[in-house]
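Chain by chain, the residues:
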Amino acid sequence: MRLKFRKGLDIGIPGAPRQVIDSTIPVERVGVVGSDYGPARFDILVNEGETVERGTPLIRERKRPDIAVAAPVSGMVEEIAVGARRRLSSIVIKTDGDAAVVFNTADTQMREGVRRLLLESGSWTSFRTRPFDRIPDPDADPSAIFVTAMDTRPHAVDARVVFERHNDDFARGIALLDQLTPAPTYVCHAPEMPFSSALGRALRIEVSGLHPAGLAGTHIHYIAPATRAKVAWHVHYQDVVAMGYLVRTGTLPAERVIALSGPGLSDPRLVLAPSGADLVELTRIHATPGDKRILSGSPLCGREARFLSRYHWQASVMLRDTGKAPSNWMMAALRHAAAPVPLIPTRALDYAFGTDLPVVALLRALSTGDTEGAERFGALELAEDDLALATYVTGGTTAFGALLRRMLDTLEAE
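In this report, the structure presented in the accompanying data block is examined. (Residues numbered from 1 in each chain as written. Predicted model: local features only at pLDDT ≥ 70, side-chain atom pairs only at ≥ 80, totals over all residues. Heavy atoms only, no water.)

## Structural notes on the state of the cysteines
One pass over the full model with this rule turns up zero disulfides. Residue C188 stays outside any disulfide, its sulfur separated by 19 Å from that of C301, the closest cysteine. A relative accessible area of 0% places C188 in the buried class. Look at C301 and you get partly exposed, because its relative accessible area is 29%. (Disulfide = S-S within 2.5 Å. Buried < 20%, exposed > 50% of the residue type's maximum accessible area, 1.4 Å probe, protein only.)

Written out as structure tokens, the structure reads:
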């Protein structure tokens, strides 16, 4: 099956990375950040000063105790930070050695054995749902699983580079998904992807087009739309590679392929780094002089952070705004208008949306807090990334992703 998108945009942000992997940048600290996992409350299972191995459970969901988050590296727990209302802010680990928990992979030919392995190893957090973009319940079954084996965000890792190194582990991960659920698995990939191994009963979907053609929300909308009754799961292809590595070795992989990019770097490139890597350490060597913003995520929709988010595969170093007035007088007037800027339908706004949902009606519903309208116009199919381009082409005056998250939280609570 093929999906070809004629919409989409190439926004041309400077600082694209060379698609060559650098394995020489050391990472001395990683952070597990509580906010990466949504509103869930966690019990903390370790103490400051304690030594952990890669794969040691660090935190466990209070309401769903089967769901744990594991240490991405071995080392010493250097700091545990707790914020307002006793919610976990972060657990910082100072890396040391390569010790790893070895998990039992003997029962991966059976559904319950696969679930047990994914839960015990912390790999269950790889899955997220549509609607709401949450970690699924351990006893739930999806209507479909979407493997996002591509990425069209600005400066993203070219998936071909990863598949050239990890094709066999990806195939093992797909086989694990085959055992996990009878629901169909869709592998959505760019043309001419170098799959060298069979992918079992997974259905390959060749997707072409500009961003947001590579987002999970775009694929789900056109192939098997998610609803409250039909909950789809999506998972990043490098997480599937990690599942295959887990089956093959009994341990979690120590690294993932990350894109370091942006105009604030002298030599943007791909690097090997653990989940939660300290972004200052990762970017320090190649940062140019001057004040910078270090983002976890893409230049389009990343957020300032010290540690790489669990669900981000990019880090971006951007030049910090000097605070000078915009050179375009019209944009300056719009940004400082006393009243909210009216949402005007434009060709760029239409092209910024990966689906055929009514974009203007949806964005107006989000802006006015119209829950019924937002659900009617398709908000349940989307996550924050799906609206990043809409924010960009409207001048950044309204953070539609943040409005969507607020709306999804309201709809979920209802």
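Still more to cover.
## Considering the nonpolar core
Nonpolar side chains tend to gather and get buried jointly when the protein is soluble and globular. One finds V147 and F170 to be the most contacted residues of the largest nonpolar core, which totals 82 residues. Broken down by element, this core gets its largest block of residues, ten residues, from helix α2 (residues 159-180). Apart from residues lying up to four places away in sequence, V147 is in contact with F170, I174, L177, T185, Y186, V187, C188, V235, Y237 and V240. One finds F132, V360, L366 and L380 within the second-largest nonpolar core, a separate group that totals 22 residues. (Core = buried A, V, L, I, M, F, W, Y, C linked by side-chain atoms within 4.5 Å. Helix = DSSP H or I, 4+ residues; strand = E, 2+ residues; numbered from the N terminus. Contact = heavy atoms within 4.5 Å.)

## Some details on the packing of aromatic side chains
On inspection of all chains with the given rule, the structure shows eleven aromatic pairs. Look at W124 and F127: their rings are 5.5 Å apart centre to centre, the planes differ by 75 degrees, and that puts the pair in the edge-to-face class. By the burial criterion, W124 is buried, and F127 matches it. Look at W124 and W233: their rings are 5.5 Å apart centre to centre, the planes differ by 80 degrees, and that puts the pair in the edge-to-face class. Residue W124 is located in the loop between α1 (111-120) and β10 (128-130), and its partner W233 is located in strand β14 (residues 232-236); the two are separated by 109 residues in the primary sequence. Classification of W124 by relative accessible area gives buried; the value is 1%. One cation-aromatic arrangement involves R256 over W313; the distance from NZ or CZ to the ring centre is 3.8 Å. (Phe/Tyr/Trp six-rings, centres within 6.5 Å; stacked < 30°, edge-to-face > 60°. Lys NZ or Arg CZ within 6 Å of the ring centre and 35° of its normal.)

## Considering the layout of surface pockets
Of the volumes computed, that of the second largest pocket is approximately 700 Å³. Considering the residues around the second largest pocket, the lining is formed by 39 residues, among which A242, P253, E255, R256 and S275 are closest to the centre. Elements with a minimum of two residues in the lining of the second largest pocket: β3 (29-33), β7 (68-70), α2, α4 (237-249) and β15 (256-261). Split into classes, the residues belonging to the lining of the second largest pocket amount to 20 nonpolar, eleven polar and eight charged. (1 Å grid on protein atoms, 1.4 Å probe; cavity = no way out; pocket = protein on both sides within 12 Å on 5 of 7 lines; lining within 4 Å. Points joined across faces, edges and corners; volume = space filled by probe spheres on them. Nonpolar A, V, L, I, M, F, W, Y, C, P; charged D, E, K, R; others polar.)

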